[in-house]
Amino acid sequence: MPIDEEGEGRVRQVRDGRLHSAYEREIAQLIRHFSDPKLEGLTLFSIEVSADGSRIRAVCVPVSKPRHARAEVESALKRTAPYLRRTLAETFAKKKTPVVTLRYAPELAGPFRADT
């Protein structure tokens, strides 16, 4: 039975949604295990996957009051992006691995408790 264009679109949406969730889980786990001290205490806030799947933008926030300057954290994230891409390539069997961009957004983290 042939799939009409509408049905094909739904199949693509479901597949893209599952892939988005899988990327999100994998990136969140990798972020929790960064070895760079400047990246300790970060968590994944959100990811955006481009429509064609060629790019992923991940937004990271601190879970407690940041201990390093914003520029230091952003620099460390930039150095880490190629590692994330390589790891995604090893984890997901795709012809092309998306380019990963990491963004640091402490302003999205909300208020921190004084004792943290």
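Data block above holds the structure.
Reference entry: report on the structure contained in this document.

Rules of the game
- Residues numbered from 1 in each chain as written.
- Predicted model: local features only at pLDDT ≥ 70, side-chain atom pairs only at ≥ 80, totals over all residues.
- Heavy atoms only, no water.
- Pairing = 2+ DSSP bridges.
- Helix = DSSP H or I, 4+ residues; strand = E, 2+ residues; numbered from the N terminus.
- Axes fitted to C-alpha atoms, helices over the stretch in contact; angles between N-to-C directions.
- Contact = heavy atoms within 4.5 Å.
- Polar contact = N/O pair within 3.5 Å; in protein donor to acceptor, adjacent residues only side chain to side chain.
- Phe/Tyr/Trp six-rings, centres within 6.5 Å; stacked < 30°, edge-to-face > 60°.
- Buried < 20%, exposed > 50% of the residue type's maximum accessible area, 1.4 Å probe, protein only.
- Core = buried A, V, L, I, M, F, W, Y, C linked by side-chain atoms within 4.5 Å.
- Expected span 1.5 Å × (residues − 1).
- Bend = angle between axes of the 7 residues up to and from the residue.

Before going further, it helps to spend a moment on the sheet that holds strand S3 (residues 99-104). Spatially, S1-S2-S3 is the arrangement adopted by the three strands of the open sheet, whose pairing is mixed. Of all the strands in the sheet, just strand S1 (42-49) and S3 have a single pairing partner and so form its edges. The average undirected angle you get between the axes of adjacent strands in this sheet is 25°. Taken strand by strand, helix H2 (residues 70-91) contacts S1, strand S2 (55-62) and S3, and its axis lies near 155° from that of S3.

Of note, Arg67 is situated in the loop between S2 and H2. For the pair Arg67 and Glu40, spaced 27 residues apart in sequence, the C-alpha separation works out to 9.2 Å.

Residue position: Thr80 is located in helix H2. From its side chain, Thr80 meets the backbone oxygen of Ala76 in a polar contact 2.7 Å long. Sequence-distant contacts of Thr80, defined by excluding residues within four places in its chain, comprise Phe34, Leu39 and Leu102.

As a further point, take the packing of aromatic side chains. All chains considered together, the criterion is met by one aromatic pair. Between Tyr23 and Phe92, the ring centres sit 4.9 Å apart and the planes meet at 70°, which makes this aromatic pair edge-to-face. Of the two residues, Tyr23 sits in helix H1 (residues 5-32) while Phe92 sits in the loop between H2 and S3, which places them 69 residues apart along the sequence. As far as the burial class goes, Tyr23 and Phe92 line up, both buried.

Residues Ile27, Leu42, Leu77 and Leu102 are the most contacted members of the largest nonpolar core, which totals 24 residues. Put simply, the parts of the chain that give this core at least two residues each are H1, S1, S2, H2 and S3. Leu102 has contacts with Ala58, Cys60, Leu77, Thr80, Ala81 and Leu84, leaving out every residue within four places of it along the chain.

Further remarks concern H2. With 22 residues, H2 extends 30 Å from end C-alpha to end C-alpha; this agrees with the ideal 32 Å at 1.5 Å per step. Its axis deflected by about 35° at Thr80, H2 carries its strongest bend there, up to four residues before the proline Pro82. Within H2, burial applies to Val73, Ala76, Leu77, Thr80, Ala81, Leu84, Thr87 and Leu88.

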